[in-house]
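Coordinates in review
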Amino acid sequence: MRAIHVTEFRDIDDISMSDVPEPSISADQALVRIHAAGVGFVDGLKVRGLYQTRDKLPFIPGSEFSGVIEKLGDNVQGFAPGDRVMGLVWNGAMAEKAAISATALEKIPDGISFSAAAAASANYVTVTYGLTEQGKVQPGETVLVLGASGGIGCAAVQLAALLGAKVIGAASNDEKCAFAREAGAHETLNYGDPDWRDKLKDLTGKRGVDVIVDPIGGEIGLLAFRHMAWGGRFLVVGFASGDIPALPYNLPLLKGASLIGVDAAQLRLHAPDLRAKAVAQMMDWLKTGALKPIVGGEYPFAQYKEAFRALRGREARGKVILRLDDAGDRS
Ligand SMILES: NC(=O)c1ccc[n+]([C@@H]2O[C@H](COP(=O)([O-])OP(=O)(O)OC[C@H]3O[C@@H](n4cnc5c(N)ncnc54)[C@H](OP(=O)(O)O)[C@@H]3O)[C@@H](O)[C@H]2O)c1
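Residues numbered from 1 in each chain as written. Predicted model: local features only at pLDDT ≥ 70, side-chain atom pairs only at ≥ 80, totals over all residues. Heavy atoms only, no water.

Turning our eyes to something else, we now look at the environment of Pro 245. Counting through the fold element by element, Pro 245 comes out in the loop between strand E12 (228-236) and helix H7 (250-255). You can call Pro 245 partly exposed: its relative accessible area is 29%. In the structure, Pro 245 is positioned 25 residues away from Ile 220 in sequence and 9.5 Å away in space, judged by C-alpha atoms. For Pro 245, the residues in contact, after removing those within four places along its chain, are Gly 217, Gly 218, Leu 222 and Phe 239. (Helix = DSSP H or I, 4+ residues; strand = E, 2+ residues; numbered from the N terminus. Buried < 20%, exposed > 50% of the residue type's maximum accessible area, 1.4 Å probe, protein only. Contact = heavy atoms within 4.5 Å.)

A contiguous patch of negative charge on the surface is contributed by Asp 174, Asp 193, Asp 195, Asp 198 and Asp 202. Here Asp 198 lies in helix H5 (residues 196-204). (Patch = residues over 30% accessible without salt bridge, like charges linked within 9 Å, V, L, I, M, F, W, Y side chains within 5 Å. Areas by Shrake-Rupley, 256 points an atom, 1.4 Å probe, with all protein chains shown as cover. Salt bridge = Lys/Arg side-chain N within 4 Å of Asp/Glu carboxyl O. Lys, Arg positive; Asp, Glu negative; His and termini not counted. Charge placed at Lys NZ, Arg CZ, Asp CG, Glu CD.)

Our next topic: the site of the ligand. In the region of the ligand, 24 residues are neighbours, and Ser 172, Lys 176, Tyr 191, Val 262 and Arg 314 sit closest. With respect to the ligand, the side chain of Ser 172 contributes an N or O atom lying 2.6 Å from an oxygen atom. Between the ligand and Lys 176 there is a distance of 2.6 Å, counted from an oxygen atom to a side-chain nitrogen or oxygen. For the ligand, whose free accessible area comes to 900 Å², the fraction covered by protein is 88%. (Near = heavy atom within 4 Å. Polar contact = N/O pair within 3.5 Å; in protein donor to acceptor, adjacent residues only side chain to side chain.)

This part covers the domain arrangement of the protein. Partitioning the protein into structural domains gives domain 1 (2-112 + 293-323) and domain 2 (122-266). Computed over C-alpha atoms, the centres of domain 1 and domain 2 are 28 Å apart. Counting from both sides, the interface comprises 11 residues of domain 1 and, opposite them, 15 residues of domain 2. The contact between domain 1 and domain 2 buries some 1100 Å² in all, and 59% of this surface belongs to carbon and sulfur atoms. Together, Ile 294, Arg 314 and Arg 317 form the three largest contributors to the area buried by domain 1 at its contact with domain 2, with a combined 47%. (Domains from an automatic or database assignment. Buried area = accessible area lost by both parts, 1.4 Å probe.)

Here it is as structure tokens:
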């Protein structure tokens, strides 16, 4: 089967598509024919060996997946061959087939495409947890989303709006702001504009912002923190800019505000019940049609280098998806 098989830490441009044996499954696993895999910022770091934890070589990247069950281990209950499934694994989704633990599988609700299902598997769960458990967003509160046209950003715009917040989508240019508005932002803010903080003041008045979602790091978030409302919650989700900022302690003190980390990977380890709650909530929104995950770009599997480049080049809008069913069922 075709797979992106990482045998040395390298740039994705230097990694060729490989032909590797199909995985075998244990009694608790399912063999899933992968139809779509999400391309995340983290995948680009993992293949270069630059992620916080280095993977053991060799490995197949790809954590967000959707596909169809081909075979089941003897202990697996509640699923059948032919079921359309989605989920999140540590690695392995950028291959035509993957052996996946049954505990990581969710059935794809009717009407949800393979691409939308793969797009939902990580970012939307992360943001559901972030906004509800960590951010405690209440209807009527103001949520400022930085990097609002990106994968995490779009999810945050959609879900904050779903929770009844007033959403300000912020991005680095007008075209990205327009994308955030289409995703559901009530207002937008172009932080490429030198006067963006004045506009933020105009939008939030004397009160300020209740919750900030920051997947980019760097200076923008630091400056935005100065516009938090009393009791505000600043959610640290990622550092797409490559810069981990240092917040002066006086700012949270003056605002009675909190800086809160949101990390889906550690959640699985430290609070599996909260992760299960976020997954259940997100799946419910999918089933009822309240949530339609935004797929920014779909790339055939053979074009994986272009897909990774879109993220690295700051071009991506919404979630970038690799389609592994190039010639097959595209539903
Ligand atoms: N904590 C978690 O559990 C979790 C889960 C998923 C992802 N993440 C992290 O969240 C971050 C964003 O992931 P994503 O999937 O949303 O990425 P994405 O789709 O590429 O979006 C990232 C956004 O960051 C902004 N950005 C600023 N400087 C950038 C740079 N130098 N290169 C690329 N983008 C830059 C861009 O928006 P503008 O051009 O508008 O500034 C871009 O839209 C990553 O650091 C990722 O590792 C964390």
